[in-house]
Amino acid sequence: MLSDVAKTIEMPEVMGRLRDLCEERGLGELARNLEDLGRWIADDLVNVERELQEIEPHPTSLVEKAGTHLLGVGGKRLRPLCVVLASRVGSGASRSVLDLAIAVELVHNATLLHDDVIDVADQRRGRSAARVEFGNAASIYAGDWLLVEALRRVEAAGVPGAMSSLLETIAQMIDAESLQLENRGRIHTNRDLYFEIAEGKSATLFQWAMLAGALAGGLGVAEAAALQEYGRKLGIAFQVIDDLIDVAGDPAETGKALFTDLGEGKMTFPLIVALEREPSLGAALEAAAQGHGDPQEIVAAVQRTGAANYSRELAEELVEQAVVALEALPQSPTRSALTMLARSTIYRSH
């Protein structure tokens, strides 16, 4: 699929992890295609990673040390990848694309720093959270610092529409965070509220990543809209899989205990479904949210009610809807790459 254009250089870590996950699940063809994709875009992602690691804190700034602490831990870098691939539907790589790819990762990391303070989280990506190392105040200001750095990158990119759309994206993210905060600790919630929060918190930044790449690549309105819809569906699917990992993942791989989200007062999609199908589960969820009860009782209920399988099927359906959105684009290696990227994220384990 992409072998004719793949480069014979080392593939980026994110693509290697996705490839390995697919191989573990017997998806050999998808794994090989991901390896080709990783080599094809390796230069772009290596440049993104290099510049992220070159963001040096001032020696006396506690805030900047807290911000670069999280950047140094690494990450999936899927949002920068979305910017790069969206741009390749059009004119492709440029300095502007690199700046926008870095910007979306900085915004994402800023939200993680804020989230860890709000959630009183002790770990992030298998290491001590910045709030533990540097304090809550420094972590909050570090998130603000990364956000300013992101806006500077977008300004430097000079791509018409990128700044205004990012500001609107950030506003939507804040609205969703506010809605989640208002409903924190409420076990009895509904799917409509869940998806409203998921779209605002997770999907909207994937949408912007696709739009930013489209704008930098000089694409038209229809193509940009198709890529945004792809990003929206992919972002929601990504959140559903995150939720599934929270209730059925391996803590040794994820770096956090099961039901971390529930302990933070957040109902995940599998738990919403399980509670719909088995209302008597409410007492166990209430106890777990307060740090009591038996988590294994909830694990068993998620499996017994079929909530885990249903959540994965929903994520798969959302991914296929993302792929359908790409039909507005001409066939190309980039469209194939976006298709396999979406389908491979279903199989991630952290």
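The preceding data block contains the structure.
This report concerns the structure included in the present document. What you are looking at is a predicted structure, and each value in this text was computed from that prediction instead of being measured.

It is worth spelling out unusual backbone geometry at this point. The phi dihedral of Val 120 is positive, around 55°, even though this residue is not glycine. By the secondary structure assignment, Val 120 is in the loop between α6 (95-118) and β1 (123-124). Judged by its relative accessible area of 53%, Val 120 is exposed.

What follows covers the side chain of Asp 243. Within the secondary structure, Asp 243 is located in helix α11 (residues 221-248). On the basis of relative accessibility, which here comes to 2%, the residue Asp 243 falls in the buried class. In terms of polar contacts, Asp 243 uses its side chain to reach the side chain of Tyr 194, at 2.5 Å. With near-sequence residues (within four places) excluded, Asp 243 lies in contact with Tyr 194, Asp 261, Thr 268, Phe 269 and Pro 270.

Quick look at the packing of α6 against helix α8 (residues 136-157) now. One way to put it is that α6 packs onto α8 with a least axis distance of 8 Å and a crossing angle of 165°. Of the possible angle classes, the one that applies to α6 and α8 is roughly antiparallel. As α6 packs across α8, the resulting crossing turns out to be left-handed. A class-by-class count of the residues in the contact of α6 with α8 yields 16 nonpolar, six polar and five charged.

Enumeration according to the criterion identifies 23 salt bridges in this entry. Between Arg 131 and Asp 122 there is a salt bridge whose closest N-O contact spans 3.1 Å. Assessed through its relative accessible area of 15%, Arg 131 is described here as buried. One salt bridge connects Asp 261 with Lys 266, and the closest N-O pair in it is separated by 4.0 Å. Grouping residues by exposure puts Asp 261 and Lys 266 together as buried.

For the pair helix α9 (residues 162-182) and helix α10 (residues 191-216), interaxial distance at closest approach is 8 Å and the crossing angle is 165°. Comparing the axis directions of α9 and α10 gives the class roughly antiparallel. Between α9 and α10 the crossing geometry is left-handed. Within the contact between the two elements, α9 uses Ala 162, Ser 165, Leu 166, Thr 169, Gln 172, Met 173, Ala 176, Glu 177, Leu 179 and Gln 180 and α10 uses Leu 193, Glu 196, Ile 197, Gly 200, Lys 201, Thr 204, Leu 205, Trp 208, Leu 211 and Leu 215.

Moving on: the nonpolar core. In this structure, Leu 100, Leu 227, Tyr 230, Leu 262, Leu 271, Leu 285 and Ile 298 are the most contacted members of the largest nonpolar core, which totals 100 residues. With 13 residues, α11 is the largest single contributor of residues to this core.

What follows is about the environment of Val 148. Mapped onto the elements of the fold, Val 148 is located in helix α8. Look at Val 148 and you get partly exposed, because its relative accessible area is 37%. Each C-alpha atom of the pair Val 148 and Ala 110 lies 9.5 Å from the other, and the pair is 38 residues apart in sequence.

Summed over the entire model, instances satisfying the criterion amount to five aromatic pairs. Measuring from centroid to centroid gives 5.4 Å for Tyr 194 and Phe 269, while their planes differ by 45°, and the two rings are tilted. With a gap of 75 residues between them, Tyr 194 in helix α10 and Phe 269 in helix α14 (residues 269-277) connect regions that are remote in the sequence. Where Phe 195 meets Phe 269, the ring centres are 5.6 Å apart and the plane angle is 50°; that geometry is what we call tilted.

For α14, the tally of buried residues reaches seven of nine residues, placing the bulk of the element in the interior. Within α14 the residues assigned to the buried category are Phe 269, Pro 270, Leu 271, Ile 272, Val 273, Ala 274 and Leu 275. Those residues of α14 hidden inside the fold are in contact with α10, α11, α13 (260-263), α15 (282-289), α16 (295-304) and α17 (307-325).

This part is about α11. For α11, with 28 residues, the first-to-last C-alpha span of 40 Å sits near the 40 Å given by 1.5 Å per residue. Within α11, 20 of the 28 residues are buried, which leaves the element mostly enclosed by the surrounding structure.

Procedures and definitions
Residues numbered from 1 in each chain as written. Predicted model: local features only at pLDDT ≥ 70, side-chain atom pairs only at ≥ 80, totals over all residues. Heavy atoms only, no water. Helix = DSSP H or I, 4+ residues; strand = E, 2+ residues; numbered from the N terminus. Buried < 20%, exposed > 50% of the residue type's maximum accessible area, 1.4 Å probe, protein only. Polar contact = N/O pair within 3.5 Å; in protein donor to acceptor, adjacent residues only side chain to side chain. Contact = heavy atoms within 4.5 Å. Axes fitted to C-alpha atoms, helices over the stretch in contact; angles between N-to-C directions. Parallel < 35°, antiparallel > 145°, perpendicular 65-115°, else oblique. Left-handed = near helix turned anticlockwise from the far one by under 90°. Nonpolar A, V, L, I, M, F, W, Y, C, P; charged D, E, K, R; others polar. Salt bridge = Lys/Arg side-chain N within 4 Å of Asp/Glu carboxyl O. Core = buried A, V, L, I, M, F, W, Y, C linked by side-chain atoms within 4.5 Å. Phe/Tyr/Trp six-rings, centres within 6.5 Å; stacked < 30°, edge-to-face > 60°. Expected span 1.5 Å × (residues − 1).

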